[in-house]
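Chain by chain, the residues run as shown.
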Amino acid sequence: MSNPDELLVAISAAVESERSNQMSLTVVVGGAVITGRLAPEAVWRERVAEVLKDSDRLGPFSDVFARAPRGDRPGRGDAPTHLHFHLARILQGSLGIPETGGMYRVAIKDVSAWTVGDLSYSDR
């Protein structure tokens, strides 16, 4: 979407203001279907920093994520520009990659379709 969906921006803003990670969402971005729960940016950054810090090779990058998120920096707009997913999967056929869920950051302007809820597939 060249113009971000106002409703999707409002959902993201509500997640940010409530500091909640219970909003499930499924989006289509560049043909990929991503499904999972939204998290506030600060919570998402903190979790990514924790994971990276425990890695011998990626540990130095943890500081990049530990820095203050966009909303804490002066001079930036209030409207969210990205969705921050945790426990998220990219759906490919009947598989969700990764099975346990991952951390994804998606630009709201790049979302071409979305729905509320976390999609999952089953062969049963």
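Values in this document were obtained by computation on a predicted structure and should not be read as measured data. Every residue gets a number counted from 1 within its own chain, in the order that chain's sequence is written. Only residues with pLDDT of 70 or above have their local features reported here, since the model is predicted, and side-chain atom pairs are shown and tallied only from 80 upward, although totals for entire chains, interfaces and linings are computed over all residues. Excluded from the side-chain calculation are hydrogens and water; included are all heavy atoms of the structure.

Looking now at the overall build of the protein. By definition, any uninterrupted DSSP run of H or I lasting at least four residues is a helix, any uninterrupted run of E lasting at least two residues is a strand, and each is numbered from the N terminus. What the protein contains, in helices and strands, is 3 helices and 5 strands. Along the protein, helices and strands appear, N-terminal first, in the series α-β-β-α-α-β-β-β. Type-normalised accessible area, obtained with a 1.4 Å probe on protein chains alone, sets the label of each residue: buried when under 20%, exposed when over 50%, and partly exposed for intermediate values. Looking at the protein residue by residue over its 124 residues, the buried ones come to 34%. Computed by Shrake-Rupley with a 1.4 Å probe, the accessible areas treat only the displayed protein chains as cover when residues are assessed. Surface accessibility of the protein: about 7,800 Å² in total, with carbon and sulfur atoms responsible for 51%.

The subject of this paragraph is the pattern of salt bridges. Only one rule defines a salt bridge in this text: a Lys or Arg side-chain nitrogen within 4 Å of an Asp or Glu carboxyl oxygen. Applying the stated criterion across every chain yields a total of 5 salt bridges. Across the pair arginine 45 and glutamate 41 runs a salt bridge, and its minimum N-O distance is 3.0 Å. Of the two residues, arginine 45 and glutamate 41 both sit in helix 2 (residues 41–53), 4 residues apart, roughly one turn of that helix. We classify glutamate 41 as buried; its relative accessible area is 3%.

Here we come to the pairing of strand 4 (residues 95–107). When DSSP finds two or more bridges between a pair of strands, those strands are recorded as paired. Sheet analysis places strand 3 (residues 82–92) next to strand 4, joined by 8 bridges and oriented antiparallel. Across the sheet, the residue bridging to alanine 88 is glycine 102, located in strand 4.

Next up on the list: the nonpolar core. In terms of nonpolar packing, the biggest core is built from 16 residues, with Val27, Leu83 and Phe85 touching the most fellow members. Within the residue set of this core, elements represented by two or more residues are helix 1 (6–18), strand 1 (24–29), strand 2 (32–38), strand 3 and strand 4. With 4 residues, the top contributor of residues to this core is helix 1. We call two residues in contact whenever any of their non-hydrogen atoms come within 4.5 Å of each other. Those residues within four positions of valine 27 in sequence are excluded, and the remaining contacts are Ala32, Val33, Ile34, Leu83, Phe85, Val111, Ala113 and Trp114. Among buried residues, the Ala, Val, Leu, Ile, Met, Phe, Trp, Tyr and Cys ones that are joined through side-chain atoms within 4.5 Å form a nonpolar core.

The strand order across the open sheet built from 5 strands is 4-3-2-1-5, with neighbouring strands paired in antiparallel fashion. Unpaired on one side and paired on the other, strand 4 and strand 5 (111–116) mark the two borders of the sheet. Across the sheet, the mean angle from the axis of one strand to that of its neighbour is 35 degrees, orientation sign disregarded. Helix axes use the C-alpha atoms of the stretch in contact, all axes being lines fitted to C-alpha atoms, and the angles between their N-to-C directions lie in the range 0 to 180 degrees. The sheet strands contacting helix 2 are strand 3 and strand 4, and the helix crosses strand 4 at an angle near 125 degrees.

Moving on, we come to helix 2. Under the convention used throughout, the expected extent of a helix is 1.5 Å for every residue step, that is, one less than its residue count. Over its 13 residues, helix 2 runs 18 Å from end to end, which matches the ideal 18 Å to within 8%, given 1.5 Å per residue. For helix 2, every residue scored as buried is listed here: Glu41, Trp44, Arg45, Val48, Ala49 and Leu52. End-on, the buried residues of helix 2 take up no more than an arc of 130 degrees, which puts them together on one face. Exposed side of helix 2, more than 90 degrees from the buried face: Glu46 and Lys53 are the residues found there. Lining the buried residues of helix 2 we find helix 1, helix 3 (62–66), strand 3 and strand 4. Directions pointing from the helix axis toward each C-beta atom define the arc.

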